[in-house]
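Summary of the model geometry
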Amino acid sequence: MLIRVVVPVGALLLLATLSGCNRKKSSGDVVARVNGKAILRSEVDKYFNNQTAGTPQKPSGEAATSLRLNILRELIDNEIMTQRAEKLGLLATDAEVDNKLTEIKAPYTAEEFDRRLKDKSLTVEDFKLDLRRNLTVQKVLNKEVTSKISISDADISAYYNERKAEFNLIEPQYHLAQILITAQPNAQVGNLKNSKAQNEGDARAKAQMIMNRLESGEEFASVAMNYSEDAQTANNGGDMGFAPESSLKTMSTQEPATRDAILRLKPGETSGILPVSAGRQVLGYRIVKLLGKEPAGQRDLSDPRVQQTIREQLRDRREQLLKAAYYETVRDEARVENYLAQEVLKSVK
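Everything quoted here is computed from the prediction, not taken from an experiment.

What counts, and at which threshold
- Residues numbered from 1 in each chain as written.
- Predicted model: local features only at pLDDT ≥ 70, side-chain atom pairs only at ≥ 80, totals over all residues.
- Heavy atoms only, no water.
- Axes fitted to C-alpha atoms, helices over the stretch in contact; angles between N-to-C directions.
- Helix = DSSP H or I, 4+ residues; strand = E, 2+ residues; numbered from the N terminus.
- Left-handed = near helix turned anticlockwise from the far one by under 90°.
- Contact = heavy atoms within 4.5 Å.
- Nonpolar A, V, L, I, M, F, W, Y, C, P; charged D, E, K, R; others polar.
- Expected span 1.5 Å × (residues − 1).
- Buried < 20%, exposed > 50% of the residue type's maximum accessible area, 1.4 Å probe, protein only.
- Polar contact = N/O pair within 3.5 Å; in protein donor to acceptor, adjacent residues only side chain to side chain.
- Parallel < 35°, antiparallel > 145°, perpendicular 65-115°, else oblique.
- Salt bridge = Lys/Arg side-chain N within 4 Å of Asp/Glu carboxyl O.
- Pairing = 2+ DSSP bridges.

**Considering the packing of helix α2 (residues 61-88) against helix α5 (residues 124-144)**
Two numbers describe how α2 lies on α5: the axes approach to 9 Å, and their chain directions differ by 65°. In this structure, α2 meets α5 at a crossing whose hand is left-handed. Residues Asn78, Met81, Arg84, Ala85 and Leu88 of α2 form the contact with α5, whose participating residues are Arg133, Thr136, Val137, Val140, Leu141 and Glu144. Of the residues assigned to the contact of α2 with α5, the class counts are six nonpolar, two polar and three charged.

**Structural notes on helix α12 (residues 304-333)**
A rise of 1.5 Å per residue sets the reference length of α12, with its 30 residues, at 44 Å; its end C-alpha atoms lie 43 Å apart and thus fit the reference within 8%. Residues Val306, Ile310, Leu314, Glu319, Gln320, Lys323, Ala324, Tyr326, Tyr327, Val330 and Arg331 constitute the buried set of α12. Contacts from the buried residues of α12 go to α2, α5 and α6 (153-162). Two or three places before arginine 305, at the opening of α12, aspartate 303 has a side-chain oxygen 2.9 Å from that residue's backbone nitrogen.

**Topic: the packing of α2 against helix α13 (residues 339-346)**
Running from N to C, α2 and α13 point in directions that differ by 155°, and their axes come no closer than 10 Å. Our classification of the angle between α2 and α13 gives roughly antiparallel. Pair α2 / α13 crosses with left-handed handedness. Here Thr65, Arg68, Leu69 and Leu72 of α2 come into contact with α13, specifically with Leu340, Ala341 and Val344. Its residues assigned to classes, the contact of α2 with α13 comprises five nonpolar, one polar and one charged.

**Some remarks on the environment of arginine 299**
By secondary structure assignment, the location of arginine 299 is in the loop between β8 (297-298) and α12. In this structure the C-alpha to C-alpha distance between arginine 299 and lysine 164, which are 135 residues apart in sequence, comes to 8.5 Å. Among all residues touching arginine 299, those that are not within four sequence positions of it are Tyr160, Phe167, Leu169, Glu294 and Val306. Within the structure, the side chain of arginine 299 is placed 2.3 Å from the backbone oxygen of proline 295, a separation counted as a polar contact. A polar contact of 3.0 Å, which involves the side chain of arginine 299, links it to the backbone oxygen of glycine 297.

**Observations regarding the pattern of salt bridges**
Two side chains of opposite charge can pair, provided their charged atoms sit close to one another. Per the stated rule, a full pass over the model turns up 25 salt bridges. With a shortest N-O distance of 2.6 Å, glutamate 328 and arginine 331 are connected by a salt bridge. Note that glutamate 328 and arginine 331 are positioned in helix α12 at a spacing of three residues, about one turn of the helix. What makes glutamate 328 partly exposed here is its relative accessible area of 42%. Each of the salt bridges in this network shares a partner with another, and the network as a whole consists of Arg73, Asp77, Glu328 and Arg331.

**Focus on the pairing of strand β2 (residues 37-40)**
Both strand β1 (residues 30-34) and β2 contribute to a ladder of four bridges, which runs antiparallel. Residue valine 30 lies in a different strand from β2, and its bridge partner there is leucine 40. Between β1 and β2, which pair antiparallel and follow one another directly, the connecting turn spans two residues, one of which, asparagine 35, has a positive phi of 50°.

Just distances and angles here, no functional claims.
This is how it looks when you write it as structure tokens:
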């Protein structure tokens, strides 16, 4: 189970820098204080509107109050971490923010990037404030937590011996990636180009365009991130993870073309354009790449891939635990006054 330790408000949480808010008493505009630093009701409302934008109906009543309390808790945590960073001299610099912004903007044209900001009611300065907060929090966690984690060979060996059966593959495993194009607009699509086919003909033309790019030497993962309409895999380059050979057999009646194409591929090879259909109705198209294939059998501890897998699992587990403990510690050290929570309690009759 992953423990949430970085607390973004919606897709883009902004770091708010406030001044002139050192009054000792709360007012209607101040919903919390962190070591005397005020958090305003307008901030909570701003993020509430951002999170609920585009939803058919905004939450109301207790559901809305609960969401506002959660947003405020996240704003409080962000302020605690920002103050911690200031004490440690770890606030993100202008150069670091500008470099990160350039990196994020790289896949887009200027018009595309501006449109995405506009869709979220954000300005470039808003976005840069969010980047500064993210970079600042990461610098604190890297110094206070991540840099102190060490995984020894003995740790890896003990993990392997306790879970040796996990490394015994009872059947071949196929490591797959895909680029999916749907024949109908998909509201959940989040590829970098915000590219969505509108109908079956549009999907077929888009699939051919993608195939042309791949045949011209563009990297599969990059094309997937830019154009794939699979909401689950587009963001990680189309990577679907490992699939046991038996799962491919279930495709024999549903998608025989996809199954046969995968079984013919060698590691590193890409299929042609494969139809995705239900009966005679074409739902879209996909292009599949076989990233690798693992034969059945026991994987030994001497296998570098086994060691790397264990090391990453142990590091991730330890990092999440330590980050959670770190957040609890810095919260305990902070003086927090949550006036919104007090208002909610007083409203109970």
